[in-house]
Each structure stands twice: as C-alpha cells, then as structure tokens.
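So the chains spell out like this:
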Amino acid sequence: MSSDSEDMPLAKRKEQQQRANNPSTDDDNLDSGSDSDTPLGKRKRPAVRKRVLDDEDDDDEADTLSSSDSGAPAVKRTRPSVATRKSYKDDSSDSDGEGDYRGSSDSDVPLAKKKSADSKAKTNGSAKTNGTNGTSRTKAAPKYKEESSSDSDAPLAKKAASKTKIKTEPVSSSKSKQGTTTIKKRGKEEVDDKSKVKKVKKEEADDKSKVKKAKKEEDEDEDADAWWLNQKENEDDSVKWTSLKHNGVYFPPEYVPHGVKMKYDGKPITLAPAVEEVAGFFGALLFTEHAENPTFQENFFKDFSKIAKAHKTSPEITSFKKCDFTPMYEYFQVEKEKRKNMTKEQKEAAKQEKLALDEMYGTCYLDGRKEKVGNYRIEPPSLFRGRGKHPKTGCLKLRVQPEQVTLNLSKDAPIPKAPAGHKWGAIVHDDTKTWLATWKENVNDSTKYVFLAAGSSLKGQSDLKKFETARALKKEIDWIRRGYMADLKDKKMFIRQRATAMYLIDRLALRAGNEKGEDEADTVGCCSLRYEHVTLEKPNIMHLDFLGKDSIRYQKSVEVDEQVFKNIRLFKREPAQEGDDLFDRLKTSELNKHLQNLMKGLTAKVFRTYNASFTFQDQLEKKTPKDGTVAEKLLAYNRANRDVAILCNHQRAVSKGHAGQIGKIEDKVRAYKYQRMKQKKMILSLEPKLKKKRPELLEPESDLEDDWIEEHETQLMEKERERIKAKFEKDNLKRKENKEKPMPASELKDLLKEVDVRAKELAKERKTGVVPPTRGATVEKCNAQILKLDERIAATRLTLTDKEENKQTALGTSKINYIDPRISAAWCEKHKVPLDKIFTKTLRDKFKWAMTVDENWEF
DNA sequence: GACTCAACTTAGCAGGAAGGAA
DNA sequence: TTCCTTCCTGCTAAGTTGAGTC
C-alpha cells in the first residue's frame, strides 16, 4: 500500500493531478527534526491514545502549562465588556495601544502581515502600524499592505497558496489584476472603442430581454407568500409549521427480470429474479472505478453470494473471480442506447409521466401554501457507493419497504395510501421537524429523510438564518480573534489547543472534524487531525496533508503565526507519534460549547460561511472592472468565486477531455485570427493607399506561423471537398426520390476542380502575401467583418481563460452553500449584470429571498 | 461527561437537458 | 437538422450540530 488514496480512485486521481502540476509538493523542504515526514499511506488508525503530556512547555516558551488542565472548563468568555475588549486590544505591545488589533478593520489583516507587524512592533515598541481609525475596510491597516496590497483580507490559506509550494491557485489580486489588465490590453488591441460600445449596447439589449424573460418565468412560478418580508427577529423557530399535507413518497417500481444470463466459470447461468437484480447492480458498474475496487468487490460478493445461496443457484456461486457480468453490462448499454434513441412521442410520454409524479409527490401544502418537495423518491436498491476508502463500499442497499417508512404530517391531513398490500411504518405529527418522511437504511444504519426542496420557505428561512449568523460574526470577529490569539499562550493545554484549533478553523476554513468510527472512511477535520497530517518547517510554515470530507485531499502549506507554530510543535512532541491526535484534549462539542459562549449561534462552521462570504465580497469588489463588458465582469465574478472555492478546498476531477477541449478552443481563436488576417489583406488590395493611414493592417497576427496557415488551409480545402461530396450525394438522392435524372459525376468533378483552383490561389496568397478581393467585397464590409472577428476572438479568449482556471476547482458548492446570495444580487444590480448569468433557475428559486436587496447591500 | 442518534447542511458526481455550431 | 459540448439537476454520501440518555 503506497498511499492512503490508493483504492480511492478520485482522491488518487486528484493527488496525481496535484503532483503532476506541482512536483515539489512532496515533503522535500520540511524540517527533518522531530516532525517526521510520515507518508500518509503508512497510517493505521489506532484506538485514540490520549497522549500523556507533562504539560511542560515548549523549550522556547517562558510560561508553563498547568498540569491539571485536561478537560478543564473553558474560561467563560461571553462577549466581553468594553473594558475587557479593551484589555484584548491592549494585549498588543504597541505603546499606542492600537497596534495589533484595531477596531473593525483589524479582522481584515492577514495573519502573516499581522505577524510581521507584530514583530516590527516588538522591535519598535512605539511604531504605529496604522494611521487610520479602521472604519473603512479598504483603508484599514495600510502598513500591512506594503508586502502586497492585494490580499490583505485574504484568509491564510489563500495567501499561502501564492507564497509556498502548494498546489492551489494563487489568489492574490495582484495576479488577477494582471490577468484583467492583460485581457483589457488585448481587448484594446483587438476591439476599438466603437465596437466596444456597440457590443456593450447589444449585450445590454440582449440582457434586458433575457432578464424580462427570466422575470416573467419567475413571476409565474413565484410563491405568492414572500415569507422573507414578514421575518420577525428572535421569533421562536422551533415550530416549523401549523399544517402539513402531502401524498407520501414514491417507491421505485418492483424489479422486472430481463433474463440476461451472467456467466459463471465461463458458462451462462440462470438466476432467480432477486439474484439477477443484485448481479445487475454490479454489471451496471462494470469497468467503473467502483467495480475495480477490491473492497467494493469483496463487500458486493459477500452480499451477492448470500442471496445466491438463499435462492440455490446452480452451480453454487462461491468465487467472485469466476463471475462474469459482461453480458449484463452489454445489455444495459443497449438499453441505454435505446433510451437515447427514443422517439419524440416516447420522450414526451416519459416527460408526462415524470410531471405526473412531480405533481403527485413533488408538491405538498405547508401552512396552506403549495411547496415543492425535494427527494420524494425512496432510494432504490443498489450497491452502496461509499467514497474514498469506505470499508462498506459495495454492500447491498436493500429495497425499502413502506413498513420501514414513517410519515410526518398534520393531524388533520389525510394519511396517504400505502402501496397495495403494505402499510406505513408509522405516522407522526411532529411540527418541530421539517421532514415529510423518514426511514433507516441498512448499510450504515443511517436515517434518511424526505425534505422540502431547496427553494421552499423552510429551507429559505434556514439559509437566511445561516447567513445572518455569519454576518453577526463579522461584527464580533475582531475581539473573538483577539481572544483566541491571547489564548494561544494560555497555561492550560486544553485552552491552548482550543485556541490553536480556532485559529486553524478561522484562518484556513477547516471543518470542525468530529471523531469517526471504524466502519467509516478515515477522513479528518481540524479537531481530528493527527500527528502525521501536519509537518512543520522553520521558521513558521505548516504543511497540511490529509483527507477531508468525501476523501478529498487537503494539501496546503501555510505560513502561520509564530505562536501557532510553537503550539503545533508542542502538540506534536514526544511521546506523540503517528496515529495520535494532534488536539488530544479537544473535542468538537467542547469547541462549539465555547463558541456558543462567545456569540449566540456561533459554531465552527459559521467561520467557514463568514470567511467565504467575506472573501467573496472583498475579492468581487477588487476584481470587477468598472467599465468592463458583461463578459469581463463575469470573469471577475467567477474568479472571486474561485478564490472562495480554493479557500474551502472544493475540488473536482479534471474532466477527461479537458486538454482536448482547450486545444480546440485555441484552434478556434487561431482560425478567427486567420480570417481577420485575410480581411485585412483584402482591404489593402481594395485600397492600397490605406497602408500608410492604417498601419495596423500590415501587422502580422500573433500565433499564426506559416506552417500552421498551410496546414489550416489544407484542412479547409479538405473539409470543403467533403462538404461538396456530401451535398452532391444528398442532392442526387433527392432527385432519385423525385424521379429526376441524377447529376452526372462530371459535375462533381468540376466542383472539386474549383476547390483545387481555390487551393492554388491560397498557396499563391501565402507566397505573395496579397489577397485579392472576393466578389462584392468593399472596405466597409471588410471592416465590419474585422469587428465581428475581434469580438469573437475576445469572447473565445475569455472562455479559454475561465475554463483553464476552473478545471480543478468546483465553484458550485461555495456558490450554493457558503456565499451569501445577497452579495451576488447586489453586485448584479450595481454592475448591470443579469442575474441569470450567475444563478441558474433553480438557484434563483432557492435564493429568491435574497433577490430584493439594493445595489448597496453589504455582507 | 461520554456516548448515541436525529436532523439538518454540505458535497461531488452521473446523466440528461439544453444550447450552440456546423 | 444533427451532432457535440456544456450546463444543470437530481441523487445520495458525508459532514456538523445539538439534544437526549445513561
């Protein structure tokens, strides 16, 4: 076993990608002291062994840790009084009392810069670090901006990305600015002002009509009850509804045997329907990464052979290796193809069927309002597809029976009919719950629910509440940060660990990290980080390498506060070893309890929401070109979105065809440039006098080498020949149908001859550099063509940049879950960008509560 | 206080629908 | 009109959190 991510195709793929992109990400630079660079894959998960610490402090430390702090209660730090807050403020060694933490603006100061400011302040006690009062975010702490004015508000992970060897996108806006400038510069080269104005106007007109259309579309759907207009603060929200009516859940249809035989030991065998069904589950996954995974195979076969035994297959199925599911796989492929080729009528019938189900089960009545239900379909039986190294991946997920399902609805609501021959497990009337139905799944014994859809009022209210809590944190963040920074040096180990964890959760947007069971994939978050997940490099670089949620690798190197560095070194000290918890005194529950004391509603995950929304708003502001086109603004939007996705480590696999797609787009740009070059030369043929007046017509196009032009023209001619041949054949077929005389082959020959002539002309044009005007060509027409091509080139280039930058980062997750949609709505309003450019219909529906803000709204 | 579990949010991926280019 | 690509949605796994129980 060479790595943790072995047998974990996605993670492995991502790891390979990361390594390929950044070969130096190995631990080659790490301090080799006590922070051994244990390879991830070597890790076994031992029973959590609580390290016995002497509670002696780090060698470098002057203070000592209390020996009786294990599990010590948190020092209760409710929001401090003004005096206490002042004391946090005064912690700084700045003689003016303003240095380290300064009003609301301070929260925006990146740690490394704070650190550098700290050290400066330490060496020069009277040094003022800021001349402003911190009322304005952008004006705050100008001194910190000396190093880089671009990323001052960025959480640590972002800065680290640009600073160290990690494989994340550099996010400093200095780079982004550069990108924007380059685009703008190119734009200037290619699009003159006139065309720009024209383009913008056209875009605006298009957008207006689109907005109108979208608005109409939404108005039709719009729930008459705009609940967000009637929100009351501090209202008890434990009761979720007063009346709830629905039609229950939809069960997947009973299994219909197809009779396709799998092979066992090379021979086709007949299976009972129940056995065939399970064999089919595996057959359908053949040649996927799941089916190649030994754990998946083992778990599947355990369940499959059990069922086969129960149905007495002949011969008895005892060996996975002898099983051949290919015939089933092929059958499913044919079926898939059939579905793809359904007639219009069949497709329509299927659509109607789906609509009927949506109407029946996909809607419910909550307090008299019609609302959409989310996942009304009971999960069909299948093989459990656990992610990463899930020990249960491949296990058989059994068919859910109505007897297992509990429905939740109001007392006066009619109870939906259970499927024929069945009855419901239970009926409850719990108005404090938002679920409509629930059942237990057999593989992990986890509870599944049917909830309302994302666009429902209940989900919307919950979303609004979430973002309001994050906004509340924005107001409190300064003193909370001061608090945990002070606690970093606390004498009690527990408090030190808690403060260090808070630092990481806040600055790196780590998840809380609950403990996990033996029968789950081994993934970690902040509190469950282990010895081997963190390595240190002097003076203050921390390398993190672990598998997070969904077994997505988190691999970043960050510059941390000196004290955090010292603390981590202390937590990692002997007798700590591989497998030991880094935060051995800390649990998520204790951490959250402490956070609740600091601010009502504050939990570890609020930091993620806060930092994501804050970063997004900040980067959006910095990156949006005020006079840019909609396309340029959207690029800025996506870049800000990407910064957040990088911060939260939202990854996706690079699609198989990515390189090919990029190549195609590049070719497209070149082809446009080629056309533009021809148009320019044609103008000069039409009016040679323009050589002096318009010297740009003589400038060669970039990226158009002679070889490429020759090859391109050969391809063009070849395509033309094919087109002519195809048309000739098609025309003759038509003639045959109409009982007309077909065109003679000589006609085709003549047409092809014309292409040959054209090819010769092109060769001549290449040689002489002169392009004779085509029939009807005028300078005006050529100019218009050039303008059109300029626009196409600019637009295609933007697509290219966006695509390349986005290949490995998933933007959707942060957009859906972490970024306050009101930031986007206000930005669209302010910059006249149509909402439908950034939110799909589903997202506009989910966020309709957020769409009423004006352009000045701030997170 | 430790542990368990219910309830909800967050997450990536597969496949189908939609849209654009030829 | 067809084919190809992109985008969107649905699905369900995997987290977090807080309440309940012993």
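About the cut-offs
- Residues numbered from 1 in each chain as written.
- Chains lettered and ligands numbered in written order.
- Predicted model: local features only at pLDDT ≥ 70, side-chain atom pairs only at ≥ 80, totals over all residues.
- Heavy atoms only, no water.
- Helix = DSSP H or I, 4+ residues; strand = E, 2+ residues; numbered from the N terminus.
- Buried < 20%, exposed > 50% of the residue type's maximum accessible area, 1.4 Å probe, protein only.
- Contact = heavy atoms within 4.5 Å.
- Areas by Shrake-Rupley, 256 points an atom, 1.4 Å probe, with all protein chains shown as cover.
- Pairing = 2+ DSSP bridges.
- Axes fitted to C-alpha atoms, helices over the stretch in contact; angles between N-to-C directions.
- Near = heavy atom within 4 Å.
- Polar contact = N/O pair within 3.5 Å; in protein donor to acceptor, adjacent residues only side chain to side chain.
- UniProt positions renumbered as here; feature names shortened; annotations may be inferred.
- Salt bridge = Lys/Arg side-chain N within 4 Å of Asp/Glu carboxyl O.
- Phe/Tyr/Trp six-rings, centres within 6.5 Å; stacked < 30°, edge-to-face > 60°.
- Core = buried A, V, L, I, M, F, W, Y, C linked by side-chain atoms within 4.5 Å.
- Parallel < 35°, antiparallel > 145°, perpendicular 65-115°, else oblique.
- Left-handed = near helix turned anticlockwise from the far one by under 90°.
- Nonpolar A, V, L, I, M, F, W, Y, C, P; charged D, E, K, R; others polar.
- pLDDT = per-residue confidence, 0-100.
- Patch = residues over 30% accessible without salt bridge, like charges linked within 9 Å, V, L, I, M, F, W, Y side chains within 5 Å.
- Lys, Arg positive; Asp, Glu negative; His and termini not counted.
- Charge placed at Lys NZ, Arg CZ, Asp CG, Glu CD.
- Disulfide = S-S within 2.5 Å.

Peer 1: Help me understand the overall build of chain A in this model?
Peer 2: Scanning chain A from N- to C-terminus turns up 25 helices and 15 strands. Across the 859 residues in chain A, those meeting the buried criterion constitute 49%. When contacts within chain A are restricted to residue pairs at least 6 apart in sequence, those whose partners lie at least 24 apart make up 74%. Put simply, chain A shows about 44500 Å² of open surface, and 51% of that area lies on carbon and sulfur atoms.

Peer 1: Please clarify how the sheet that holds strand β12 (residues 447–450) should be interpreted in this entry.
Peer 2: The strands making up a sheet associate through hydrogen bonds between their backbones, and the pairing can be parallel or antiparallel. On the basis of which strands lie adjacent, the open sheet formed by four strands has the order β10-β9-β11-β12 and mixed pairing. The strands lining the two open edges of the sheet, one partner per strand, are β10 (426–428) and β12. Direction aside, neighbouring strands of the sheet carry axes that sit 20° apart on average. With two bridges connecting them, strand β9 (residues 406–408) and strand β11 (residues 437–440) associate as antiparallel partners.

Peer 1: Help me out: how do you make sense of the protein's contact with DNA strand C in this one?
Peer 2: Looking at DNA strand C, there are 29 residues lining it, with Arg387, Lys448, Lys516, Lys664 and Thr842 nearest. Backbone sugar and phosphate groups make up 88% of those atoms of DNA strand C lying within 4 Å of the protein. The separation between a phosphate oxygen of DNA strand C and a polar main-chain atom of alanine 604 is 3.2 Å. Taking threonine 840, its side chain carries an N or O atom lying 2.8 Å from a phosphate oxygen of DNA strand C. Sorting the residues of the surface near DNA strand C by element identifies α15 (588–598), α16 (604–623) and α18 (658–686) as the ones contributing at least two each.

Peer 1: Even after reading the chapter, I still don't get the sheet that holds strand β13 (residues 534–537), so can you show me in this structure?
Peer 2: Across the sheet, three strands lie side by side as β13-β14-β15; this open sheet has antiparallel pairing. Only two strands of the sheet have a single partner each, and these edge strands are β13 and β15 (553–559). The sheet shows a mean angle of 15° between the axes of neighbouring strands, taken without regard to direction. The pairing of strand β14 (residues 541–547) with β15 spans seven bridges and is classified as antiparallel.

Peer 1: Is there a simple way to explain the UniProt feature "active site" (unreviewed entry) in chain A in this structure?
Peer 2: According to UniProt, the feature "active site" (unreviewed entry) maps to Tyr818 in the numbering used here. By the element assignment, tyrosine 818 lies in the loop between α23 (812–817) and α24 (821–831). Accessibility expressed as a relative area gives 15% for tyrosine 818, which makes it buried. In contact with tyrosine 818, other than residues within four places in its own chain, are Phe467, Arg608, Thr609, Ala612, Ser613, Cys648, His650 and Thr813. Of note is the side chain of tyrosine 818, whose polar atom sits 2.8 Å from the side chain of arginine 608.

Peer 1: How do you make sense of the pattern of salt bridges when you look at a structure like this?
Peer 2: Close approach of charged atoms allows side chains with opposite charge to pair. Across all of its chains, the model carries 38 salt bridges by this definition. Here lysine 448 ties to glutamate 379 by a salt bridge, and the two come within 3.2 Å at their closest N and O atoms. Placement of the pair is lysine 448 in strand β12 and glutamate 379 in the loop between β6 (369–372) and β7 (382–383), with a sequence separation of 69 residues. On the basis of relative accessible area, lysine 448 is assigned to the partly exposed category, the value being 23%. The exposure class of glutamate 379 is partly exposed, given its relative accessible area of 24%. Ionic contacts of the salt-bridge type, sharing partners, join the residues Lys678, Glu713, Arg758, Glu761, Glu765 and Arg766 into one network.

Peer 1: What is the right way to read the pairing of β13 from this model?
Peer 2: For a regular strand, side chains alternate in direction, first toward one face of the sheet and then toward the other. Of the two faces of β13, the one lined by Val534 and Leu536 and the one lined by Thr535 and Glu537 are each fully buried. Sheet topology places β13 next to β14; four bridges connect them, and they run antiparallel. If you follow leucine 536 over to β14, its bridge partner there is methionine 542. Hairpin connection from β13 to β14: three residues lie between these consecutive antiparallel strands.

Peer 1: Help me out: how do you make sense of the packing of aromatic side chains in this one?
Peer 2: Any pair of aromatic rings gets described here by the distance separating the centres and the angle formed by the planes. Summed over all chains, the structure comprises 28 aromatic pairs. Aromatic pair tryptophan 435 and tyrosine 449: ring centres 6.1 Å apart, planes at 50°, arrangement tilted. Here the residue tryptophan 435 occupies a position in the loop between β10 and β11, and tyrosine 449 occupies one in strand β12, the gap between them amounting to 14 residues. Centre to centre, the rings of tyrosine 484 and tyrosine 503 are 6.3 Å apart; their planes meet at 85°, and the pair counts as edge-to-face. Here the residue tyrosine 484 occupies a position in helix α12 (residues 457–487), and tyrosine 503 occupies one in helix α13 (residues 493–508), the gap between them amounting to 19 residues. Each member of the pair, tyrosine 484 as well as tyrosine 503, is classed as buried.

Peer 1: For this particular structure, what's the right way to read the nonpolar core?
Peer 2: Nonpolar side chains tend toward joint burial in soluble globular proteins. With 81 residues, the main nonpolar core has Leu504 and Leu529 as its most contacted residues. Per element, the largest residue contribution to this core is ten residues, and it comes from α13. Membership of the second largest hydrophobic core comes to 25 residues, among which are Met262, Phe281, Phe296 and Ile317.

Peer 1: Could you clarify how one ought to interpret the pairing of β12 in this entry?
Peer 2: With four bridges joining them, β11 and β12 adopt antiparallel strand pairing. Bridged to threonine 438 within β12 is tyrosine 449. Adjacent in sequence and paired antiparallel, β11 and β12 are bridged by six residues, among which aspartate 445 carries a positive phi angle near 60°.

Peer 1: Teacher, can you tell me more about the packing of α12 against α13 here?
Peer 2: How two helices pack is summed up by the angle between their axes together with the distance between the axes. Where α12 meets α13, the axes come as close as 8 Å, and the angle between the chain directions of the two elements is 135°. What the angle tells us is that α12 and α13 run oblique. As for how α12 packs across α13, the hand of that crossing is left-handed. Across from Ile477, Ile480, Arg481, Tyr484, Met485 and Asp487 in α12, the residues of α13 making contact are Ile495, Arg496, Arg498, Ala499, Met502, Tyr503, Asp506 and Arg507. For the contact of α12 with α13, a count of residues per class yields eight nonpolar, no polar and six charged.

Peer 1: Can you help me understand the confidence of the model for chain A in this one?
Peer 2: Fine structural detail should not be taken from predicted coordinates in areas where pLDDT scores are low. Scored by pLDDT, chain A comes out at a mean of 76, with 73% of its residues at no less than 70. Across residues 1–64, where pLDDT falls below 50, the model places 152 contacts with residues more than four positions away in sequence or in other chains. Confidence drops under pLDDT 50 across residues 157–223; counting only partners more than four residues distant or on other chains, this segment forms 110 contacts.

Peer 1: What should I look at first to understand unusual backbone geometry in this one?
Peer 2: For residues besides glycine, phi is generally negative; the peptide bonds are generally trans as well. Cis geometry is found at the peptide bond from serine 314 to proline 315, where omega equals 0°. Here proline 315 is to be found in the loop between α9 (294–310) and β4 (323–324). Backbone torsion omega between lysine 538 and proline 539 reads 5°, so that peptide bond is classified as cis. In this fold, proline 539 is placed in the loop between β13 and β14. Even without a glycine there, the phi angle at lysine 312 is positive, about 50°. With respect to the helices and strands, lysine 312 occurs in the loop between α9 and β4.

Peer 1: What's the story with α24 in this structure? I'm lost.
Peer 2: An α-helical segment advances 3.6 residues per turn. Residues three or four places apart therefore align on the same side. The buried count for α24 comes to nine of eleven residues, which makes it a mostly enclosed element. Residues of α24 that are buried in the fold lie against α12, α16 and α17 (630–647). Once α24 finishes, lysine 832 follows within two positions and takes phi at roughly 55°, a positive value.

Peer 1: In this structure, what is going on with a negative patch on the surface? I would like to understand it.
Peer 2: Together, Glu666, Asp667, Asp706, Asp707, Glu710 and Glu711 give the surface a local cluster of negative charge. No other element matches helix α20 (residues 706–737), which puts four residues into the negative patch. Structurally, aspartate 707 is set in helix α20. Of the residues examined, aspartate 707 reaches a relative accessible area of 61% and is grouped as exposed.

Peer 1: What is the right way to read the state of the cysteines from this model?
Peer 2: Structurally, a disulfide amounts to a covalent bond that connects the sulfur atoms of two cysteines. Using the criterion set out here, one finds zero disulfides in the structure. The thiol of cysteine 526 is unpaired, and the distance to the nearest cysteine sulfur, on cysteine 527, comes to 5.0 Å. Under the relative-accessibility criterion, cysteine 526 is labelled buried at 0%.

Peer 1: Hey, could you run me through the side chain of aspartate 506 in this one?
Peer 2: When you line up the elements, aspartate 506 lands in helix α13. Using a relative accessible area of 0% as the deciding quantity, one classes aspartate 506 as buried. When residues no more than four places from it in sequence are discounted, the contact partners of aspartate 506 are Ile477, Arg481, Tyr484, Phe607 and Asn611.

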